[in-house]
Amino acid sequence: MSDFQAPAGRYAPSPSGDLHFGNLRTAVLAWLFARQSGRNFYLRVEDIDSERSSADSAQRQIGDLKMLGLDFDPPVIYQHDRGDAYAEALSRLDTYECYCTRRDIREAASAPHAQPGMYPGTCRDLSEEQRALRRSELHAAGRLPAIRLRAHVREWTVHDFYQGEYTGRVDDVILKRGGRIDQAQAGDWAYNLAVVVDDGYQGVDQVVRGDDLLFSAPAQAYLADRLGLTIPSYVHVPLVVGPEGRRLAKRDGAVTLRDMLRENSAEEVVAQIAESLGCAGVSSAQKLREVFDPAQLSRQPWSWAR
Ligand code: GLU
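Residues numbered from 1 in each chain as written. Predicted model: local features only at pLDDT ≥ 70, side-chain atom pairs only at ≥ 80, totals over all residues. Heavy atoms only, no water.

## Digging into the packing of aromatic side chains
Then, number 1: In total, this model carries ten aromatic pairs according to the counting rule given.
Then, number 2: Plain terms: the ring middles of phenylalanine 161 and tyrosine 162 are 4.8 Å apart, the flat faces sit at 90 degrees to each other, and that makes the pair edge-to-face.
Then, number 3: You can call tyrosine 162 buried: its relative accessible area is 11%.
Then, number 4: Taken together through their ring pairs, the aromatic side chains of Phe33, Phe161, Tyr162 and Phe292 make up a single cluster.
Then, number 5: A cation over an aromatic ring shows up here: arginine 82 above the ring of tyrosine 201, its NZ or CZ 3.9 Å from the ring centre. (Phe/Tyr/Trp six-rings, centres within 6.5 Å; stacked < 30°, edge-to-face > 60°. Buried < 20%, exposed > 50% of the residue type's maximum accessible area, 1.4 Å probe, protein only. Lys NZ or Arg CZ within 6 Å of the ring centre and 35° of its normal.)

Here it is, written out as structure tokens:
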């Protein structure tokens, strides 16, 4: 049985670099929504992508969030420890092997922020003979097939706090990536499976994250349904954008907490986040928890300005 019995929210960063102002703002929002509704709040390190993740980065991210005054309920979980749970979930789903190249796979659906080109279904209805042939060709090249969900619906509707009912396409998402036979154990679980299995395991019934992930919610909710898990309520929040109107990124200047702390105190950074949430003049997370009103949050992206 899971140790996680209480309703919960979470913040689930990928540890591939320091958190920037936009990430921090989303983390504060996730914490506020969870704490204001009496939920537990977990930090989950989404480090399934072993090439881009580092333990050092995870520690820095956790330190940064604590510096802002956010508190988490234990334990912090790491996706690199969760392979057995993903395998067990995979065994309960209707799936098929996909022999498309890694490039096709990457383009199709696996990265959290990639708008997926819908998978054209190339490998969905192959005969056993065709599969055996494709598998042996792939093996000869030192590669393993990917595993895809065989989706039985084309769309799914979720409920989002800001968007209301949101209906989106459900793809045959990648659940396990292919890759080289000699590296098959590392980094092979796909984001969509890991996030759903872990939210279910941790009792997460409220998912607060950037609205660039809204498009992935219908497929994730469908996966949760297939696995018999509670479908969380979603709160997709507007992103912070840089001077060019694109999602804030490191190229936009001194955007990480560590950058900002060279010229600002932690309270001043919290105050900047609070201002972006419609709570000007507030400079502590605890105070923000008392005064933040979700209904007052601007639905527009927040423009980063120095
Ligand atoms: N790990 C994902 C990211 O860093 C977030 C996943 C989620 O919140 O569902 O973008």
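From this point on, the discussion continues.
## A few points about the pairing of strand β11 (residues 204-210)
Then, number 1: With six of its seven residues buried, β11 lies for the most part within the structure.
Then, number 2: Pairing between β11 and strand β12 (residues 233-237): five bridges, direction parallel. Within the sheet, the bridge partner assigned to arginine 209 lies in β12 and is histidine 236.
Then, number 3: A crossover connection joins β11 to the parallel β12 through helix α7 (residues 217-226); in handedness this β-α-β unit is right-handed. (Helix = DSSP H or I, 4+ residues; strand = E, 2+ residues; numbered from the N terminus. Pairing = 2+ DSSP bridges. Right-handed = clockwise from strand over helix to strand, strands pointing away.)

## Examining the environment of glutamate 155
Then, number 1: Position of glutamate 155 relative to the elements: it lies in strand β7 (residues 155-160).
Then, number 2: For the pair formed by glutamate 155 and proline 232, sequence separation is 77 residues and the distance between their alpha carbons is 17 Å.
Then, number 3: Residue contacts for glutamate 155: discarding those within four places in its chain leaves Thr167, Gly168, Arg169 and Val170. (Contact = heavy atoms within 4.5 Å.)

## Overview of the sheet that holds strand β4 (residues 95-98)
Then, number 1: Strand order in the open sheet formed by three strands is β4-β6-β9, and the pairing between neighbours is antiparallel. Strands with a single pairing partner mark the edges of an open sheet, and in this sheet they are β4 and β9 (174-176). For this sheet, the mean inter-axis angle between neighbouring strands, taken without regard to orientation, is 45 degrees. (Axes fitted to C-alpha atoms, helices over the stretch in contact; angles between N-to-C directions.)

## Quick notes on the pattern of salt bridges
Then, number 1: Summed over all chains, the structure comprises 23 salt bridges.
Then, number 2: Salt-bridge contacts for arginine 150 lead to aspartate 125; the nearest nitrogen and oxygen are separated by 3.8 Å. Within this pair, whereas arginine 150 is found in the loop between β6 (146-149) and β7, its partner aspartate 125 is found in the loop between α4 (102-110) and α5 (128-140), the two being separated by 25 residues in sequence.
Then, number 3: A residue is classified by how much of its surface remains accessible, and aspartate 125, at 64% relative accessible area, is exposed.
Then, number 4: Overlapping salt bridges bring together Arg10, Arg44, Glu46, Arg82, Asp198 and Asp199 as one network. (Salt bridge = Lys/Arg side-chain N within 4 Å of Asp/Glu carboxyl O.)

## Side note on the packing of helix α6 (residues 191-201) against α7
Then, number 1: It is at 9 Å that the axes of α6 and α7 come closest, and there the two elements cross at 55 degrees. Put simply, α6 runs oblique to α7. Every pair of crossing elements has a handedness; the one defined by α6 and α7 is right-handed. For the pair α6 and α7, contact is made by Tyr191, Asn192, Leu193, Val195 and Val196 and by Gln220, Leu223 and Ala224, respectively. (Parallel < 35°, antiparallel > 145°, perpendicular 65-115°, else oblique. Left-handed = near helix turned anticlockwise from the far one by under 90°.)

## Quick word on the pairing of strand β8 (residues 164-169)
Regular strands show a simple pattern: their side chains alternate between the two faces of the sheet.
Then, number 1: Here β7 runs beside β8; their pairing, made up of six bridges, is antiparallel. Its bridge partner lying in β8, glutamate 155 is registered against arginine 169.
Then, number 2: What sits between β7 and β8 in their antiparallel hairpin is a turn of three residues.

## As for the nonpolar core
Then, number 1: Counting residues in each nonpolar core, the largest one holds 43 residues, and the members touching the most others are Leu65, Leu68, Leu70 and Leu277.
Then, number 2: Within the residue set of this core, elements represented by two or more residues are α1 (21-36), β2 (40-45), α2 (55-67), β12, α8 (257-260), α9 (266-276) and α10 (285-291).
Then, number 3: The greatest single-element share of this core, amounting to ten residues, is contributed by α1.
Then, number 4: If sequence neighbours within four positions are ignored, leucine 65 has contacts with Tyr11, Leu19, Leu24, Ala27, Leu43, Leu70 and Phe72.
Then, number 5: Of all hydrophobic cores here, the second largest spans 35 residues; its members include Tyr42, Leu149, Leu175 and Val204. (Core = buried A, V, L, I, M, F, W, Y, C linked by side-chain atoms within 4.5 Å.)

## With respect to unusual backbone geometry
Then, number 1: Between proline 74 and the following residue, proline 75, the backbone shows a cis peptide bond with an omega angle of -5 degrees.
Then, number 2: Within the element layout of this structure, proline 75 appears in the loop between α2 and β3 (77-78).

## Considering the side chain of arginine 10
Then, number 1: Its place among the elements puts arginine 10 in strand β1 (residues 8-11).
Then, number 2: Of the polar contacts made by the side chain of arginine 10, one reaches the side chain of aspartate 199; its length is 3.0 Å.
Then, number 3: In contact with arginine 10, not counting residues within four places along its chain, are Ala30, Phe41, Tyr42, Arg44, Val195, Asp199, Val204, Gln206, Val207, Val208 and Arg209. (Polar contact = N/O pair within 3.5 Å; in protein donor to acceptor, adjacent residues only side chain to side chain.)

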